[in-house]
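Secondary and tertiary structure notes
Here is how the chains run, residue by residue.
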Amino acid sequence: LTRMEPAQVVEACVSNFFLGKGIEASDNLIKLIVRKWTKVVHPVLERTMKGEDWEKVLIEEYKKLDVDKNGFIDGNEILPALERTHELVGELLELPEAFFAELKAPGITKDLKLIMSKFDENADGKFNAKEFKKYVEWAAYMIQAKFWINGELKAIKSGNKGQADKKSIPPILVNATKTHFKYPRDVRKEERWPENSPEYKAGISRENRVKPPPPEVEGDVFDRQRVIVGFNQGIIEQQVCFVLGTGGIGQDTALTLARLGVGKIIMLDCDTYDASNLTRQCLGSLEDVGLRKVDAAARNIKHHNIRSEIETIHVDALAKWDTVVEIARRCTAIFNGVDLGPIWDLCVTSLAKEVGVPYIAGQSYDWMFNVEYYSGDRSKLCSWCAEAKSEQEWIKNQL
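This write-up is about the structure you can find in this document. (Residues numbered from 1 in each chain as written. Predicted model: local features only at pLDDT ≥ 70, side-chain atom pairs only at ≥ 80, totals over all residues. Heavy atoms only, no water.)

This paragraph deals with the overall build of the protein chain. When its secondary structure is counted, the protein chain shows 20 helices and eight strands. When burial is assessed residue by residue, the protein chain has 39% of its 399 residues classed as buried. Of all intrachain contacts in the protein chain linking residues separated by at least 6 positions in sequence, the fraction that spans at least 24 positions is 59%. Counting every atom, the protein chain has about 23,600 Å² of accessible surface; 54% of that belongs to carbon and sulfur. (Helix = DSSP H or I, 4+ residues; strand = E, 2+ residues; numbered from the N terminus. Buried < 20%, exposed > 50% of the residue type's maximum accessible area, 1.4 Å probe, protein only. Contact = heavy atoms within 4.5 Å. Areas by Shrake-Rupley, 256 points an atom, 1.4 Å probe, with all protein chains shown as cover.)

Structure follows, in structure tokens:
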């Protein structure tokens, strides 16, 4: 199914239905259309859902569609069902008659050719029984009905509609650090098996030398981090992280911090979302073009956020340096992704040194990517001072 790239087919069809007309479709509307589509175009899926044998239903419905009884289903035989589906879309959206006219033959034929081309293996413009089966399997897959094909109908009959039994899923714990662990005591250390132990004598692999991590707390989101030797999840959850600039680097940083489970993420930017940003900036979508970057990032990070408090500030960092300083004073780490040149980077590094917090900066250009780190320890040299005897000398060299 992956090989067939069904998402591309669906995207093209949906664009014909909605995007070209400037219409937004809600999740509920899409679900309604899918139900109607299942009944009209795919009685195979409708009947299978009710418990009938998948293979038997497939053969029967294939024969019904084969109007001329030549053993193949061509485009003309599927066209009426697809046309009815398009009309249903128009009815559900309460569109004018002019819209129905545009959904007739030209648009439908285009959709049909696109769909059939994915499954018409011998490129004859027809579906044989094998190709039709693959097409219906794809259709079921696309409406999350894979269980119909596999004959797993217990979930449907019990009312679960294919979802896993929720009783078997442990509760998700996002604050197990407070309820089940004590830090720094529970920071994992590498413990080795004694040489006279049965485990040590059983072989020479790593498991015969190093003891396994402690048992997982069921449902703990951060278990994979806790089992890393020396990883302190307790410290991570106390961090207030200042993401300065929410472009490509800043958004990736904020997303990763949210997945790590830091205490708070503060995002600052003054820019708006442009179409060219979409290839790199992971917290934006087509819907966000023209919006403020911090607003788009705040809205979309909700899908990834586990426990972090999110704060956004739309301001020009260069013009409002006092705001940057104020935020830095209440943070525990600064991530600089603002692209204003080396003098700006020096200023932010100096600020991190002044307030005594770690500083991480990332820059990318063409095929190159650079990361700088400063620990926040005032007794240590930052990367700028390391290149010259003093900050003044470095500035003079830059000028």
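Pairs of packed helices are described in terms of their axes, by the angle between the two and the distance that separates them. Following both chains from N to C, one finds helix α17 (residues 321–329) and helix α18 (residues 342–355) inclined at 35 degrees, their axes separated by 10 Å at the closest point. Where α17 crosses over α18, the handedness of that crossing is right-handed. Of α18, the residues touching α17 (which contributes W321, V324, V325, A328 and R329) are W344, C347, V348, L351 and V355. Counted by class, the contact of α17 with α18 contains nine nonpolar, no polar and one charged residues. (Axes fitted to C-alpha atoms, helices over the stretch in contact; angles between N-to-C directions. Left-handed = near helix turned anticlockwise from the far one by under 90°. Nonpolar A, V, L, I, M, F, W, Y, C, P; charged D, E, K, R; others polar.)

Applying the stated criterion to the full structure yields twelve salt bridges. In this structure, R206 engages E190 in a salt bridge whose closest nitrogen and oxygen atoms are separated by 2.9 Å. With R206 in the loop between α12 (198–201) and α13 (223–226) and E190 in the loop between α11 (176–180) and α12, the pair connects residues that are 16 residues apart, well separated along the chain. Looking at R206, the relative accessible area reads 57%, which means it is exposed. Since its relative accessible area comes to 38%, E190 is described here as partly exposed. A salt bridge links R292 to D295; its shortest N-O distance comes to 2.8 Å. A relative accessible area of 37% means that R292 is categorised as partly exposed. When its relative accessible area of 34% is taken as the criterion, D295 is described as partly exposed. What emerges from the salt-bridge pattern is a single network uniting K264, E309, E311, E326 and R330. (Salt bridge = Lys/Arg side-chain N within 4 Å of Asp/Glu carboxyl O.)

Take α17 next. What sets the pattern is the α-helix's 3.6 residues per turn: residues three or four places apart point alike. Listed in full, the buried residues belonging to α17 are V324, V325, I327 and A328. Here the buried residues of α17 occupy an arc of 165 degrees about the axis, which is enough to place them on one side. Exposed residues lying more than 90 degrees from the buried face of α17 are D322 and R329. Buried residues along α17 sit against β3 (240–244), β4 (264–269), β5 (309–314), β6 (333–336) and α18. (Arc of directions from axis to C-beta.)

In terms of nonpolar packing, the biggest core is built from 25 residues, with F242, L244, I266, L268, I327, I334 and Y359 touching the most fellow members. Elements represented by at least two residues in this core include exactly β3, β4, α17, α18 and β7 (359–365). The contacts of Y359, once residues within four sequence positions are left out, are I334, N336, D345, V348, T349, A352, E372, Y373 and Y374. Of all hydrophobic cores here, the second largest spans 15 residues; its members include L255, L257, A333 and F335. (Core = buried A, V, L, I, M, F, W, Y, C linked by side-chain atoms within 4.5 Å.)

With that settled, the discussion passes to the pairing of β6. Going residue by residue along β6, you find A333 and F335 tucked away on one face and I334 and N336 tucked away on the opposite face as well. Relative to β7, β6 runs parallel, the two being bridged by three bridges. Following the sheet pairing, N336 is matched in β7 by A361. (Pairing = 2+ DSSP bridges.)

Counting buried residues in helix α16 (residues 293–301) gives seven out of nine residues, a clear majority hidden from the surface. Contact partners of the buried residues in α16: α15 (248–260), β4 and β5.

Strand pairing in a sheet takes place through backbone hydrogen bonds and is either antiparallel or parallel in direction. Across the sheet, six strands lie side by side as β5-β4-β3-β6-β7-β8; this open sheet has mixed pairing. Lying at the two open borders of the sheet, with one neighbouring strand each, are β5 and β8 (368–374). Looking at each pair of strands side by side, their axes are set apart by 15 degrees on average, direction ignored. Judged from the five bridges that link them, β3 and β4 form a sheet pairing that is parallel. Each bridged residue has a counterpart across the sheet, and for F242 the counterpart in β4 is I266. Where α16 meets the sheet, its contacts fall on β4 and β5, and the angle it forms with β4 comes to roughly 150 degrees. Each of β3, β4, β5 and β6 touches α17; the most contacted strand, β3, lies at about 155 degrees to it.

This paragraph deals with unusual backbone geometry. Residue P184 follows Y183 across a cis peptide bond; omega there is 10 degrees. Summarising the element assignment, P184 is placed in the loop between α11 and α12. Although it is not a glycine, K69 adopts a positive phi angle of roughly 55 degrees. Residue position: K69 is located in the loop between α4 (54–65) and β1 (73–74).

Tallying each qualifying case throughout the model produces two aromatic pairs. Ring geometry for F181 versus Y183: centroids 6.4 Å apart, planes at 40 degrees, classification tilted. Overall, the relative accessible area of 22% leaves Y183 in the partly exposed class. Look at W321 and W344: their rings are 5.5 Å apart centre to centre, the planes differ by 80 degrees, and that puts the pair in the edge-to-face class. On the criterion of sequence distance, the pair formed by W321 in helix α17 and W344 in helix α18 is long-range, its members being 23 residues apart. Classification of W321 as partly exposed rests on a relative accessible area of 30%. (Phe/Tyr/Trp six-rings, centres within 6.5 Å; stacked < 30°, edge-to-face > 60°.)

Just distances and angles here, no functional claims.
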